[in-house]
Amino acid sequence: MGVKLIVEKVTKRFGGVVALNRVSINVPSSLVVGLIGPNGSGKTTLFNVVTGYYTPDEGRVLIEGSGRVVDITGWNPNRISRMGVARTFQIPRLIPSLTVLENMLLFYDYGSCASITCSLRRKWVNVEEAAVARAMSILREFGLESIAHKRPAELSAGHLKLVETLRGLMSDAKLFMLDEPFAGVESWMARKLTDTIRKINREKGSTFVIIEHRITELLEGVDYVYVLHNGSLLAEGKPDEAVSDERVIKAYLGK
Amino acid sequence: MIDVLGFLITLTTYIGIYLVLSLTLTLEVSSGITNFGKVAFYGLGAYTGALIGTYLPLAITGSRASPFDVNGIQLLYTISKSNPVLDLSVFLLSLAAGFAVSALFGLLLTYPIHRVGSALVGFTLLSTGEVLRLFYLNTEPLGESKGFMGIPNPFAWLPQARGAEALYLIIVWCFVGLTYFIVSRIMNSPLGRILKGMRDDELVALYAGWPTPLIKSKVLALTSGFTGVAGVLWAYYFTSINPNMFTPSLTFNIWAMVILGGIDSIVGGVLGTVLLASVDYAARFVIPFIGTTLVTPDYLRWIIVGLVMLVVLLKKPEGLAPRRGGVSKL
């Protein structure tokens, strides 16, 4: 089951800089959408606001699913995450003292088995088995079983980025927000990522919002595109339309 | 004639109590809790134990003697010699109270500030330790600078003093075993992984859905409770306590033991503690025999401990037994 993401006239300022200016976006349920725009247009800031890292100065963020609408404006990241929102970072943030596999397991919902009492009674073994099985199957799909027990310090930049994205896919999220998942990743892996995203979208109905600079790879994998520029929503539409929009071309080339 | 057995029993008891402190600190460090105020909970436990151990028996026997004057202390001694049930009950009550007071204190003190950051938590705990020490120092019912004396050993009713010492040693080490069990079960579990995640990058842990301030509070409540029990064990072992025993240098001694052993390593922490506690205790014993007047005995002991730390860290910078391998033990 997917959810609808509603961003309502969100404004975010940092001192004198207006990073987001009354941005309104309605992502329909179970759609895979792209978010593009030149550097500094506010894409990551929007992600930060939606996922709870920042509180907007104006506007609201709402999640609509199963007939209910929840206002998540100003919630903490962990509370939003528990609502079924998963987010990855533009610059990979893997936990340095954990292996690749352990990093993936961190994002698995252990439920009550993450409590102190459960640890003392060692009742987490079954859940851990399931979690490891899922993590390893994801890694195997991308040919990464061999790095499962390596630490982030030992990985190449491309692998770090890939693991960051795969880690985000570990949860049963209803809304995935992926920040540049294709950056620094080989073409065949990028294609594999797109296939995996499509598969999850098809089987679980999860909604995807993907920030990307690699437009070609992105366009093949999304149903709709939003374009940000200087903190405002510049254009939106089907991938071909949005990209061939004059204003969008001008924003990327000029200014 | 040097009493070797006595020395060994005392040394092992001393190491045991310090192990509880360092094992709990290992868990705290692994969770990103910078506990610079370990001594605060240790002292709380010790004073709670002392309060119960001295005031309660006197109150029960209806005596109006003060636990701080000769009569009171004499009376406590007499009572403890012939009252096994009272001795043991008072001891058990002190252990429970020590745990409860320290755990509650740790929880209430830090829950509001975990979300601000580890630096604030560290300094708050450090200053709390000192505030508490000054409180003990200036409060009459707590013995002020002289502190408590004559805290009854729970096994004082035994005919043989050596038997009492040995039994107490066993109690301490049962508790060390319990602490080790709990710390290792937690650290080697999915929760342990979450704790490490929290420590390295709290934001990522939050994004993974974990309520980090709440988890830190629960962990600190548990470790503070155990630290409090260690304080009770110390009070009943030494039978007298005073504010000078609870200075920040104790906290940093435990930190040295944990760092020496290798952060994240339970076994390393144990080795580091055994090494430093032994050196420290042996130095106390041996230095008076050297009879040096050039350097104050205390300073000489600190120099020796510092040198041992230096040598170990130079030869093994990652610690005595650094942790290798992952957390998942399937």
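Cut-offs applied
Along each chain, residue indices are assigned from 1 in the same order as the chain's sequence is written. Chain labels run from A onward and ligand labels from 1 onward, assigned in the order the entries are written. pLDDT decides what is reported in this predicted model: residues at 70 or higher carry local features, side-chain atom pairs at 80 or more are listed and counted, and totals for whole chains, interfaces and linings draw on all residues regardless. Hydrogens and water are ignored here; the side-chain numbers use all heavy atoms of the structure. Residue ranges assigned to each domain were obtained from an automatic or database domain assignment. Residue contacts are counted whenever heavy atoms from the two residues lie within 4.5 Å of one another. As used here, buried area is the combined drop in accessible area, with a 1.4 Å probe, of two parts when they are placed together. When a carboxyl oxygen of Asp or Glu lies within 4 Å of a side-chain nitrogen of Lys or Arg, that pair is called a salt bridge. In protein, a polar contact requires one atom able to donate a hydrogen and another able to accept it; more generally it is a pair of N or O atoms within 3.5 Å, and residues adjacent in sequence count only if both atoms are side-chain atoms. The helix count covers DSSP runs of H or I at least four residues long, the strand count covers runs of E at least two residues long, and both are numbered beginning at the N terminus. Residue exposure (1.4 Å probe, protein chains only): buried if accessible area is under 20% of the type maximum, exposed if over 50%, otherwise partly exposed. The quantity known as pLDDT measures the predictor's confidence residue by residue, on a range of 0 to 100. Strands pair, by our definition, only if DSSP identifies at least two bridges between them. Helix axes use the C-alpha atoms of the stretch in contact, all axes being lines fitted to C-alpha atoms, and the angles between their N-to-C directions lie in the range 0 to 180 degrees. Assignment of crossover handedness uses the view with strands pointing away from the viewer, where a clockwise path from the first strand over the helix to the second indicates a right-handed crossover. When residues are grouped by polarity, Ala, Val, Leu, Ile, Met, Phe, Trp, Tyr, Cys and Pro land in nonpolar, Asp, Glu, Lys and Arg in charged, and all others, Gly among them, in polar. Each helix should span, by expectation, one fewer than its residue count multiplied by 1.5 Å.

A.B. asks: Would you mind going over the domain arrangement of chain B in detail, with residue names and values included?
C.D. replies: Residue and element names in this part refer to chain B. Its domain assignment divides chain B into domain 1 (4–246) and domain 2 (248–330). Spacing between the C-alpha centres of domain 1 and domain 2 amounts to 21 Å. The interface of domain 1 with domain 2 comprises 34 residues on the first partner and 27 residues on the second. Summed over both sides, the interface of domain 1 with domain 2 buries roughly 2,800 Å², with 75% coming from carbon and sulfur. Of all residues in domain 1, Phe7, Tyr14 and Tyr18 give up the largest surface area on contact with domain 2, accounting jointly for 19% of the area buried on that side. Summed over the shared surface of domain 1 and domain 2, the result is one salt bridge. Ionic pairing is found between Asp264 and Arg199, a salt bridge with its closest N-O pair at 2.8 Å. Viewed at the interface, domain 2 and domain 1 are joined by six residue pairs in polar contact (both at pLDDT 80 or more). Counting only elements with at least two residues in the side of domain 1 that touches domain 2, the list comes to α1 (4–30), α2 (38–60), α5 (118–138), α6 (161–187) and α7 (190–200). Looking at which element gives the most residues to the side of domain 1 that touches domain 2, the answer is α1, with 14 residues.

A.B. asks: For the pattern of salt bridges, give the residues involved together with the corresponding values.
C.D. replies: As enumerated under the stated definition, the model contains 20 salt bridges over all chains in all. Two residues, B:Glu202 and B:Lys216, come together in a salt bridge whose shortest N-O distance is 3.3 Å. You can see B:Glu202 sitting in helix α8 (residues 202–207) and its partner B:Lys216 sitting in helix α9 (residues 212–238), a full 14 residues away along the chain. We classify B:Glu202 as partly exposed; its relative accessible area is 24%. What you see here is one network of salt bridges that share partners, running through A:Glu8, A:Arg60 and A:Asp71.

A.B. asks: How would you summarise the confidence of the model for chain A if you had to cite specific residues and measurements?
C.D. replies: Of all residues in chain A, 99% attain a pLDDT of 70 or more, and the chain-wide mean is 92. Confidence scores differ between elements of chain A, with helix α8 (residues 215–221) of chain A showing the lowest mean pLDDT of 81 and helix α3 (residues 100–106) of chain A the highest of 96.

A.B. asks: Which residues make up the sheet that holds strand β4 (residues 58–65) of chain A, and what values go with them?
C.D. replies: All names here are of chain A. On the basis of which strands lie adjacent, the open sheet formed by four strands has the order β2-β1-β4-β5 and antiparallel pairing. Lying at the two open borders of the sheet, with one neighbouring strand each, are β2 (17–27) and β5 (68–71). The average angle at which neighbouring strand axes cross in this sheet is 20°, direction not considered. In the sheet, strand β1 (residues 4–14) pairs with β4 via six bridges, with the strands oriented antiparallel. Directly across from Ile6, in β4, lies its bridge partner Leu62. Of the strands in this sheet, β1, β2 and β4 are in contact with helix α1 (residues 43–50), which crosses β1 at around 115°.

A.B. asks: Can you explain the pairing of strand β7 (residues 175–179) of chain A? Please cite residues and give values.
C.D. replies: Along any regular strand the residues' side chains alternate between the sheet's two faces. Residue and element names in this part refer to chain A. The buried fraction of β7 is high, at five of five residues. Side-chain alternation along β7 places Leu175, Met177 and Asp179 on one buried face and Phe176 and Leu178 on a second face that is also buried. Sheet topology note: the strand β6 (residues 85–87)/β7 ladder contains three bridges and is parallel. By the bridge assignment for β7, Val85 is matched with Leu175. Pairing geometry for β7 and strand β8 (residues 207–211), over five bridges, is parallel. Pairing of Phe176 across the sheet is with Phe208, part of β8. With helix α7 (residues 187–204) bridging β7 and its parallel neighbour β8, the resulting β-α-β unit is right-handed.

A.B. asks: Which residues make up the interface of chain A and chain B, and what values go with them?
C.D. replies: The interface is formed by 34 residues belonging to chain A together with 33 residues belonging to chain B. For the pairing of chain A and chain B, the buried interface totals around 3,100 Å² over both sides, and the portion due to carbon and sulfur atoms is 65%. Contact with chain B buries area across many residues of chain A, yet A:Leu106, A:Ile116 and A:Leu120 alone supply 19% of it, more than any other trio. A salt bridge links A:Arg93 to B:Asp201, with the shortest nitrogen-to-oxygen separation between them at 2.9 Å. In this structure, the connection of chain A to chain B is made through 14 residue pairs in polar contact (both at pLDDT 80 or more). The residue makeup of the side of chain A that touches chain B, split by class, is 17 nonpolar, seven polar and 10 charged.

A.B. asks: Residues and numbers for the side chain of A:Ser206, please.
C.D. replies: Within the secondary structure, A:Ser206 is located in the loop between α7 and β8. Judged by its relative accessible area of 1%, A:Ser206 is buried.

A.B. asks: Explain α5(B) to me, and be specific about the residues and the numbers.
C.D. replies: Residues and elements named next belong to chain B. Between its first and last C-alpha atoms α5 spans 30 Å; for 21 residues at 1.5 Å apiece the expected length is 30 Å, and the two agree. Listing the buried residues of α5 in full gives Val121, Gly122, Thr124, Leu125, Thr128, Gly129, Leu132, Arg133 and Tyr136. Elements in contact with the buried residues of α5: α2 and α4 (84–110).

A.B. asks: Tell me about the domain arrangement of chain A, and name the residues and values.
C.D. replies: Residue and element names in this part refer to chain A. Domain annotation for chain A reports domain 1 (1–84 + 173–255) and domain 2 (94–171). Tallying the contact residues gives 18 residues for domain 1 and 12 residues for domain 2. On the domain 1 side of the interface with domain 2, the three residues burying the most area are Met189, Lys192 and Leu193, jointly 31% of the side's total. Our count for the domain 1 to domain 2 interface comes out at three salt bridges. Taken together, domain 1 and domain 2 are joined by six residue pairs in polar contact (both at pLDDT 80 or more). Of all elements in the fold, only β7 and α7 reach the threshold of two or more residues within the side of domain 1 that touches domain 2. Sorting elements by how many residues they give to the side of domain 1 that touches domain 2 places α7 first, with seven residues. Its residues assigned to classes, the side of domain 1 that touches domain 2 comprises 11 nonpolar, two polar and five charged.

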